[in-house]
Each structure stands twice: as structure tokens, then as C-alpha cells.
Amino acid sequence: MVEIELDGKSVEVPQGSMVMHAANKAGTYIPHFCYHKKLSIAANCRMCLVEVEKAPKPLPACATPVSQGMKVFTHSPKAVEAQRSVMEFLLINHPLDCPICDQGGECQLQDLAVGYGKSNSRYDEEKRVVFHKNVGPLISMQEMSRCIHCTRCVRFGQEVAGVMELGMVNRGEHSEITTFSGQTIDSELSGNMIDICPVGALTSKPFRYAARTWELGRKRSVSPHDSLGSNTTVQTKANKVMRVVALENEAINECWISDRDRFAYEGLNSADRITAPMVKQGGEWLETDWESAMTYVANSLKTIAAESGPEAVAALAHPISSVEELHLLQKLIRGLGSSQVETRLHQIDVKGAPSTPWLGMPIAKLDELDRILVVGSFLRKDQPLIAVRLRATAKRHLQLLRIDAGGDDWLIPAVGSIAAVPSAWVKELSEVASAVSIAKSISMPQGIELVAISPAAQSIADRLLSGSSVAVLIGSAAQAHPQAASLFALAQFIATHTGATLGFLPVGGNAVGASLVKANSAGVDALLSGERRAVLLMNLEPDVDLPNPQYARAALAKANTVIALSAYRSPDLLEVADVILPITPFTETVSTFVNAEGVVQTIQPAVKPLGDSRPAWKVLRVLGGLLNLDGFLFNAPEEVLGEALSEDYCSLLNNQGTASVSMTPVGTGLERVSDIASYSGDSIVRRSPALQLTRDAKRGNQVGLGQKLFTEMGLKEGDAVRVTQGLLSVDMPVTLERNLASHAVRVSAGTLASAQLGSMFGPVTISKV
């Protein structure tokens with residue numbers, strides 16, 4: 001530790017700290033633009049000049065290391081004069097357009113100009129002009145004349161997002177921030193550049209000219225679009241969500257959010273919103289009142305449960321649903337005598353699966369790992385902010401290991417990786433387990449013998465065994481795999497005998513909460529394969545939310561009645577459902593979510609329910625009463641939450657399963673591997689126009705092929721190919737994914753194109769159209 005004197009006060013900070021860090025610790029504000037606590041030091045704005053005793057001139061606080069006994073003056077006449085001079089230079093070319101600037105009211109330059117700027121400029125020359133650039137549907141670079149060249153956006157791309165999409169060209173007053181060769185900004189984290197821009201150079205395109213910051217109401221919220229539970233601030237005007245920005249929580253999302261978290265709010269205001277109950281009569285949809293709709297639903301459920309047996313009633317819910325909603329849904333189904341309720345919408349092999357899978361550790365502990373093996377994951381797109389943590393940790397000491405189909409560039413260097421077709425994942429993981437077994441002189445898991453070990457598998461095992469803080473994580477693709485139980489068992493064996501923490505990357509914003517309230521039974525395939533006469537669908541659209549849409553449609557067609565609790569209408573719901581009850585999304589009701597590490601977060605409504613829609617927990621409460629079920633007399637969502645989660649709910653979190661390993665032959669032909677398309681994961685994201693124009697959204701509607709297959713077929717980027725899976729086929733444009741396993745074909749799930757095919761994994765054929 002080093003002790004310095006800052007404005008007459010003694011401050012102690014670690015050796016190697018900068019004066020800015022000492023000022024922050026002392027609670028002293030030093031004006032700055034280019035400094036950001038999460039980015040490297042650039043020292044190019046010079047706004048943070050301070051006086052240091054015995055120094056011949058003012059020094060930048062962000063880049064001046066502390067030394068024992070140093071005396072710093074942040075507000076002395078010399079320091080203030082230097083800061084005023086810098087401000088004068090920054091304003092020479094800055095346009096005087098504050099009245100029309102979207103950053104007005106929350107602009108760092110505007111605020112500091114009040115304190116350090118002059119009332120008039122000494123410069124009469126014309127201001128420079130920087131022409132606007134089109135960099136995609138999310139970020140506006142229309143007024144780059146406002147840019148002060150702090151390079152925060154450039155450093156964010158390099159250091160946090162992992163890809164340098166912006167850079168500076170030219171010199172002096174001709175300098176400007178731009179993309180490479182007219183390319184767009186395509187990072188899944190790009191919206192954070194808007195937040196960290198201290199002026200109005202980078203602004204939100206969907207929010208452009210929509211409202212003034214001082215007109216907006218604000219509510220703390222949580223993003224339900226992935227299992228991280230990122231903290232956000234929802235900003236509203238006239239009972240409409242206008243913008244979502246990051247809310248800092250160092251233990252969860254630090255100060256970042258993904259573009260999915262930021263821009264999905266557009267879907268809340270979609271024209272697809274349902275505002276009144278709807279009933280299908282004679283093939284036509286008619287709007288009705290709540291009393292008639294609820295009476296009809298209750299009578300249907302009573303009749304079917306009585307005539308066909310309780311197990312004829314089932315429910316499927318999307319894990320974007322809150323704890324309150326899922327608890328009452330499973331309570332309703334079980335109150336009718338059925339056990340058929342499921343939220344693991346893409347998981348078909350649930351034999352011996354853990355009862356409540358979770359990350360296995362606090363999210364912040366990812367920063368401390370020195371070895372991590374990730375099995376079957378599309379990490380960068382599934383969990384963007386977990387990828388951010390691992391990317392930062394990999395720069396220090398983390399060794400990343402991965403087993404999957406390849407093709408997905410995580411922008412994190414992997415010291416050991418195996419890219420294989422999905423049918424080979426069990427074999428590859430069993431090789432790692434065999435290497436661990438030999439090294440530790442222990443027997444293999446039940447049902448599997450020692451197998452020949454490849455050099456890649458041996459290297460992965462050796463690195464896991466040599467680590468001091470190790471984790472094995474099961475990704476979304478491994479959970480959806482037809483042999484998921486075998487992958488779980490092998491991963492559990494490897495974790496146990498390498499001293500690693502076993503964890504899951506849960507799929508869905510409230511996947512852990514769904515398990516805690518027992519909203520899962522025998523798997524989605526088992527639920528749909530039985531004789532279901534009444535099926536409740538909550539926050540779910542069958543064509544894009546289920547692993548085999550054609551199979552699901554056929555199963556739902558057999559039901560006497562399909563009741564949808566949904567905020568939106570969609571073609572598939574209008575076709576398969578008989579009743580649609582309009583429920584509110586998470587911004588219009590009290591909602592509780594449990595994130596990947598088991599943290600419970602409850603949010604309050606940001607706006608009032610739209611039209612005649614109702615919170616799902618209220619709908620289910622009334623429905624339980626109409627069915628004469630016990631335990632549905634709740635007056636507030638807090639009462640539902642109190643019943644759903646006990647005080648010691650953390651003791652229920654469990655990653656230990658009872659699955660055994662079953663080896664099956666590795667396929668010889670082409671195999672489909674499926675990610676869940678980045679912007680198709682839930683009904684809200686799917687309805688964000690800006691997100692649907694991004695490159696990631698377009699990728700979801702393309703077929704990904706590896707370099708070898710791409711070359712053999714003589715394809716060019718964008719060529720049309722026909723993907724055939726069994727008796728089903730669809731024509732899609734092709735894209736090259738260089739590192740994809742040679743016999744793997746990536747077809748994203750959750751899109752209208754993939755809805756015309758079969759399950760997420762299995763043999764396929766490809767032909768050029």
C-alpha cells in the first residue's frame with residue numbers, strides 16, 4: 001500500500017494505482033472523459049489534469065502512478081486552469097446542437113462544460129464536419145462531429161467484446177472514429193458503446209428522437225432473456241417502455257448488458273399484443289370477456305380430467321415465466337391430479353438429470369478460475385456476459401477447454417478444444433474421462449469401459465488435473481442432446497475426480513426458478529407423446545419454442561382443447577389453440593426470477609397492463625378457484641412467492657444426477673447441430689424489429705457448413721441449399737463457418753425455417769438448389 005496526500009487528505013491505495021483511483025477512494029471527483037474503470041488507460045482526453053507537487057506541469061490523474069508521500073491538488077488554480085483549457089479545446093469543433101441531441105440531459109460533456117467551459121469561444125474558424133456512417137440497426141453514428149476521440153468505444157470492442165469493430169483514422173482535427181471498410185457493428189454487446197460514450201456521438205437507433213431523458217420514469221428491473229439475470233433500468237413514458245439501460249451490479253452483470261437485454265423492449269410494444277380474451281368458434285377467432293373465457297376453460301379442464309383421467313391434462317411453459325406464474329401453473333396441474341408440467345422445452349433426455357441444475361458457483365467466482373471445460377455450448381451467443389467474464393479471466397490466468405461442434409467463435413483463446421459431430425460428443429467426453437480414470441487409478445462410470453484416448457482428450461484431462469480452481473460447465477446444446485444423460489454422467493465423473501465444480505448454463509431466464517418450484521416432470525417429448533386431451537401453453541409458441549415443431553403440432557392437434565396464456569398472437573398459436581388468455585409480460589406485473597447462481601430477484605411493474613390483459617398469476621389464481629382447488633386464495637404476488645420459495649431454497653440447488661452412460665455408435669453421415677438463435681429465444685425478443693435486422697438474426701436463418709463441406713459442394717456465401725431431415729426439407733441460404741466439425745450442419749432452432757424440419761439433432765442431407 002502507498003499513502004499519498006490528496007487535497008490535504010491522506011489516502012492509502014495499492015502500489016501501482018493511479019491518482020484517479022486514489023481520488024475515487026477518497027470520494028473526490030476529477031473531471032474526465034476517456035477514463036472508465038472497466039477499460040484500459042488511454043489518457044487522451046486530458047480532462048483529468050491535476051497539479052502534483054514538484055511536477056513541472058499538470059499531469060493526467062488517470063495515467064499518473066501514485067508514489068509514497070505524493071501530494072496532489074485536484075482543484076488548485078493551476079489544476080482548474082488546465083482543465084478549463086482542455087475543455088476549451090474540446091469545444092472548438094463540437095457542434096452547438098444540444099437542443100436536438102439525444103444525449104441532452106445525460107451528457108458528460110454538457111455537464112462538465114457548465115463547470116469548466118467558457119460562455120464564448122475565441123475561435124472564429126469553421127467547425128469540422130464528419131459525415132455520418134451506417135453501422136447497423138442498433139447504433140446511430142449520424143452525428144460523429146460530436147465525437148471527442150475518447151476512444152472508449154474502440155477500447156470496449158477490443159477489451160470487453162473481444163472484437164475490434166471500431167478504430168480511429170487520420171490525424172489531428174481530421175481524426176474520426178469509424179468501422180473497417182464500411183462494415184457494420186455486429187457484436188452481441190454493441191449497445192454498451194452507447195452507454196459509455198460521454199457525448200452524443202453514439203446513440204440508440206431504436207430510441208432516436210423518441211423522448212427526452214428527463215421525461216422518462218425509471219424502474220429497476222431484471223432481464224429474463226437469459227439465465228444471468230442482468231440488472232437493468234426500464235425507462236418509460238406515457239405507460240410505454242421507451243428504453244432499457246444497464247444497472248450496475250458487480251456480482252452479476254458488472255456494468256454491461258447484452259444487446260438482447262437492451263433492445264428486446266421493442267417487442268413489448270408489438271402490434272401482436274393481445275388485449276382481450278379470444279375464443280375459437282367454428283374456426284373463427286372471437287374476442288370475449290374474461291368471465292366467459294375463464295368459465296369455458298374451467299369447464300373444459302373439469303370435463304377432460306373427469307372423462308379421460310387427470311394425466312390427460314398437461315402444461316408447457318416457457319422459462320421466461322416468473323416464479324409466481326410457474327408455481328401456480330404446476331399447482332393447478334397437480335391439483336387436478338396430473339403430473340404433466342414441463343419448462344425444459346429443449347431437453348428431451350431427462351433420465352437421471354439433476355433435480356435443480358444451476359451454475360454451481362457464484363457468477364463472480366468465474367473470475368477466479370484457472371481451468372474451465374465447457375461441453376456443448378454456444379457460449380458467446382447464449383450467455384454473452386458470462387463470455388465477457390471468461391474472456392477477461394483468460395487474459396490473466398484462465399485456460400479454456402471446450403468440446404462441441406465448433407464453428408462458434410467465442411473470441412476467447414482455447415488451449416484445448418475438440419470439434420466433433422454431436423453423435424461423437426459422448427465418445428470424446430468418455431476419452432477425457434478415461435484419461436482422468438487412468439491418472440487417478442479409479443474405475444470408469446458404470447456402463448462404460450476405458451476407451452482409446454486421443455492426444456486432444458489427454459491434453460484436456462491433464463490440464464483439468466493440474467488446475468487449482470477448476471469448473472466443468474454443461475451448455476445448452478449438451479442439455480438438448482439426445483444423449484444428454486450420458487453427457488451429464490461423464491461430466492459429473494470428470495468434475496468429481498479432477499476436483500472441479502460441476503455447473504450448468506441454464507436455458508431461459510427463470511430455468512432455475514422453474515426447477516425450484518417443481519415445474520418439471522418427465523421431459524417435453526414424454527409429455528407430448530401421451531394421450532393429452534387438454535394442454536395449457538404459457539408464454540410459448542409451439543413452432544419456435546419446442547425442439548421438434550412438427551411433432552409438437554401433431555401432438556397438440558390430438559388434444560380436445562389447447563389453452564394458451566400468452567401476451568402475443570402468432571400464426572401457430574392461432575392455429576393450434578382454442579382459447580387465448582391475454583397475460584402481461586414481465587414489465588407489467590410483479591415478477592420474480594432466480595438466476596443461474598440461485599439469486600432471487602423480484603421486480604415491480606414498470607407500466608400498467610396493456611388493454612384488458614392480466615398478470616398470469618392472477619389468471620391462474622382465479623382459474624384454480626373456478627376449479628374448486630385448495631390453496632389458491634392469494635391476495636398478492638408476495639404471498640405466492642412466500643409459498644413457492646422457502647427460506648432455505650438454496651439447499652435445493654443440486655447438480656448431482658443419477659444418470660448412467662450409454663455408448664452409441666458415432667454417425668457416419670452429415671448431422672444437424674442446433675443452437676437457439678440469438679434473437680429467437682422468447683416471444684419478446686422475436687418481436688424486436690431492430691434485433692431482427694442484425695447479422696446474428698440473419699445467421700439464425702442460414703445453414704452453417706464447415707470449410708471442407710463448403711469447398712466440396714462448390715458453394716459461395718449466400719447460395720441456396722436444401723436441408724433434408726427425414727421426410728422434411730427446407731431451402732435456406734448457406735454461410736461458411738470455418739471451424740465447424742467437418743460433418744456437422746448447423747441449423748438454428750427457434751426460427752420459422754427450422755420449424756419446417758424435425759428435431760434439433762439427427763442425420764441430415766444437404767443439396768445445392
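Rules of the game
Residues numbered from 1 in each chain as written. Predicted model: local features only at pLDDT ≥ 70, side-chain atom pairs only at ≥ 80, totals over all residues. Heavy atoms only, no water. Helix = DSSP H or I, 4+ residues; strand = E, 2+ residues; numbered from the N terminus. Rg over C-alpha atoms; globule rule 2.2 N^0.38 Å. Buried < 20%, exposed > 50% of the residue type's maximum accessible area, 1.4 Å probe, protein only. Pairing = 2+ DSSP bridges. Core = buried A, V, L, I, M, F, W, Y, C linked by side-chain atoms within 4.5 Å. Domains from an automatic or database assignment. Buried area = accessible area lost by both parts, 1.4 Å probe. Salt bridge = Lys/Arg side-chain N within 4 Å of Asp/Glu carboxyl O. Nonpolar A, V, L, I, M, F, W, Y, C, P; charged D, E, K, R; others polar. Phe/Tyr/Trp six-rings, centres within 6.5 Å; stacked < 30°, edge-to-face > 60°. Lys NZ or Arg CZ within 6 Å of the ring centre and 35° of its normal. Contact = heavy atoms within 4.5 Å. Polar contact = N/O pair within 3.5 Å; in protein donor to acceptor, adjacent residues only side chain to side chain. Axes fitted to C-alpha atoms, helices over the stretch in contact; angles between N-to-C directions. Parallel < 35°, antiparallel > 145°, perpendicular 65-115°, else oblique. Left-handed = near helix turned anticlockwise from the far one by under 90°. UniProt positions renumbered as here; feature names shortened; annotations may be inferred. Disulfide = S-S within 2.5 Å. 1 Å grid on protein atoms, 1.4 Å probe; cavity = no way out; pocket = protein on both sides within 12 Å on 5 of 7 lines; lining within 4 Å. Points joined across faces, edges and corners; volume = space filled by probe spheres on them.

Topic: the overall build of the chain
Part 1: Helices and strands together make up the secondary structure of the chain, namely 23 helices and 34 strands.
Part 2: The C-alpha atoms of the chain give 28 Å as radius of gyration, which agrees with the globular expectation for 769 residues (27 Å, within 12%).
Part 3: Here the C-alpha coordinates of the chain stretch approximately 90 × 65 × 55 Å along the principal axes.
Part 4: Within the chain, the proportion of its 769 residues that are buried is 61%.

Thoughts on the sheet that holds strand β33 (residues 762–763)
Through backbone hydrogen bonds, the strands of a sheet pair up, either in parallel or in antiparallel fashion.
Part 1: What the seven strands build is an open sheet, ordered β33-β28-β32-β29-β31-β30-β34; its pairing is mixed. Only two strands of the sheet have a single partner each, and these edge strands are β33 and β34 (765–768).

Digging into the nonpolar core
Part 1: Counting 92 residues, the largest nonpolar core has F33, M47, I139, F156 and I372 as the members making the most contacts within it.
Part 2: Sorting elements by how many residues they give to this core places helix α10 (residues 384–394) first, with six residues.

Side note on the domain arrangement of the chain
Part 1: Domain boundaries assigned for the chain yield domain 1 (2–178), domain 2 (217–269), domain 3 (288–350 + 511–651), domain 4 (363–504) and domain 5 (671–768).
Part 2: Here domain 1 and domain 2 have C-alpha centroids that lie 27 Å from each other.
Part 3: Buried area between domain 1 and domain 2, summed over both chains or domains, comes out near 670 Å², and the portion from carbon and sulfur atoms is 58%.
Part 4: At the junction of domain 1 and domain 2, the tally comes to four salt bridges.
Part 5: Here E106 ties to R243 by a salt bridge, and the two come within 3.0 Å at their closest N and O atoms.
Part 6: Partitioning the side of domain 1 that touches domain 2 into residue classes produces three nonpolar, one polar and three charged.

Some thoughts on the packing of aromatic side chains
Part 1: Taken as a whole and assessed by the stated rule, the structure comprises three aromatic pairs.
Part 2: Taking 6.3 Å as the distance between ring centres and 75° as the angle between the ring planes, the aromatic pair formed by W425 and F761 counts as edge-to-face. With W425 in helix α11 (residues 425–440) and F761 in the loop between β32 (744–747) and β33, the pair connects residues that are 336 residues apart, well separated along the chain. Each member of the pair, W425 as well as F761, carries the same accessibility label: buried.
Part 3: Here the guanidinium or amino end of R243 rests over the ring plane of F207, the centre of that ring lying 4.4 Å away.

Considerations on the environment of T584
Part 1: Among the secondary structure elements, T584 is positioned in the loop between β25 (579–582) and β26 (591–594).
Part 2: For the pair T584 and L487, spaced 97 residues apart in sequence, the C-alpha to C-alpha distance is 37 Å.
Part 3: Those residues within four positions of T584 in sequence are excluded, and the remaining contacts are T589, P609, S613, R614 and P615.

A short note on the side chain of S688
Part 1: By the element assignment, S688 lies in the loop between β28 (671–673) and α22 (695–699).
Part 2: Classification of S688 as buried rests on a relative accessible area of 0%.
Part 3: Within polar-contact distance, the side chain of S688 engages the side chain of E266 at 3.1 Å.
Part 4: With near-sequence residues (within four places) excluded, S688 lies in contact with F263, A264, E266 and G267.

Some points on the packing of helix α8 (residues 323–335) against helix α20 (residues 616–626)
Part 1: At a minimum axis distance of 8 Å, the contact between α8 and α20 shows a crossing angle of 20°. If you check the angle between α8 and α20, you find them roughly parallel. Crossing of α8 over α20 shows left-handed handedness. Touching E324, E325, L328, L329 and L332 of α8 are A616, W617, L620, R621, L623 and G624, all from α20.
Part 2: Residues belonging to the contact of α8 with α20 are distributed by class as follows: seven nonpolar, one polar and three charged.

Brief notes about the packing of helix α2 (residues 77–90) against helix α3 (residues 108–116)
Part 1: Running from N to C, α2 and α3 cross one another at 130°; their axes reach a closest spacing of 10 Å. Comparing their axes, α3 and α2 come out oblique. In terms of crossing hand, the pair formed by α2 and α3 is left-handed. Contacts from Q83, R84 and M87 of α2 reach α3 at L109, L112, A113, G115 and Y116.

Here we look at the UniProt feature "domain: 4Fe-4S His(Cys)3-ligated-type" (unreviewed entry) in the chain
Part 1: The UniProt entry lists residues 78–117 under the feature "domain: 4Fe-4S His(Cys)3-ligated-type" (unreviewed entry), expressed in the numbering used here.
Part 2: Helix makes up 55% of residues 78–117 and strand 0%. Its end C-alpha atoms lie 16 Å apart.

Here we look at the sheet that holds strand β5 (residues 71–73)
Part 1: Strand order in this open sheet of five strands is β2-β1-β5-β3-β4, and the pairing throughout is mixed. Here the strands that pair on one side only, and so sit at the sheet edges, are β2 (9–13) and β4 (59–60).
Part 2: Against the sheet, helix α1 (residues 19–26) makes contact with β1 (2–6), β2, β3 (49–52) and β5, and its axis sits at roughly 115° relative to β2, the strand it touches most.
Part 3: Sheet contacts for α2: β3 and β5; angle to β3, the most-contacted strand, approximately 155°.

Let's talk about the state of the cysteines
Part 1: A full pass over the atoms with the stated rule returns zero disulfides.
Part 2: Distance from the sulfur of C101, which forms no disulfide, to the nearest cysteine sulfur (C107) is 6.1 Å.
Part 3: Residue classification places C101 among the buried residues on the basis of a relative accessible area of 7%.
Part 4: With no disulfide of its own, C153 lies closest to C150 among cysteine sulfurs, the gap being 6.2 Å.

A look at the pairing of strand β14 (residues 278–281)
Part 1: Examined bridge by bridge, β14 and strand β15 (residues 284–287) share four bridges and lie antiparallel to one another. Looking across to β15, one finds that Q281 is bridged to E284.
Part 2: Counting the residues between successive antiparallel strands, the hairpin from β14 to β15 contains two residues, one of them, G282, with a positive phi of roughly 60°.
Part 3: Summarising the sheet, β14 and β25 pair through two bridges and their orientation is antiparallel. Its bridge partner lying in β25, M278 is registered against I580.

Section: the UniProt feature "domain: 4Fe-4S Mo/W bis-MGD-type" (unreviewed entry) in the chain
Part 1: Here, the residues flagged by UniProt with the feature "domain: 4Fe-4S Mo/W bis-MGD-type" (unreviewed entry) are residues 216–272.
Part 2: As annotated, residues 216–272 comprises 9% helix and 35% strand, and the C-alpha atoms at either end are separated by 25 Å.

Here's the deal with empty space enclosed by the protein
Part 1: Taken as a whole and judged by the stated rule, the model has nine cavities of 30 Å³ or more.
Part 2: Of the voids in this model, the largest cavity is the one considered here, and its volume is about 150 Å³.
Part 3: The wall of the largest cavity is formed by 18 residues, among which I320, N539, T584, P585 and F586 lie closest to the centre.
Part 4: The residue inventory of the lining of the largest cavity, partitioned by class, reads eight nonpolar, eight polar and two charged.

Some details on the layout of surface pockets
Part 1: Taken as a whole, the largest pocket holds about 930 Å³ of empty space.
Part 2: In terms of lining, the largest pocket is formed by 34 residues, of which the most central are R380, G407, D408, D409 and R695.
Part 3: Breaking the lining of the largest pocket down by element, the ones donating at least two residues are α9 (379–382), β19 (399–404), β20 (414–419), α22 and β31 (728–736).
Part 4: A breakdown of the residues in the lining of the largest pocket according to their chemical character gives nine nonpolar, 10 polar and 15 charged.

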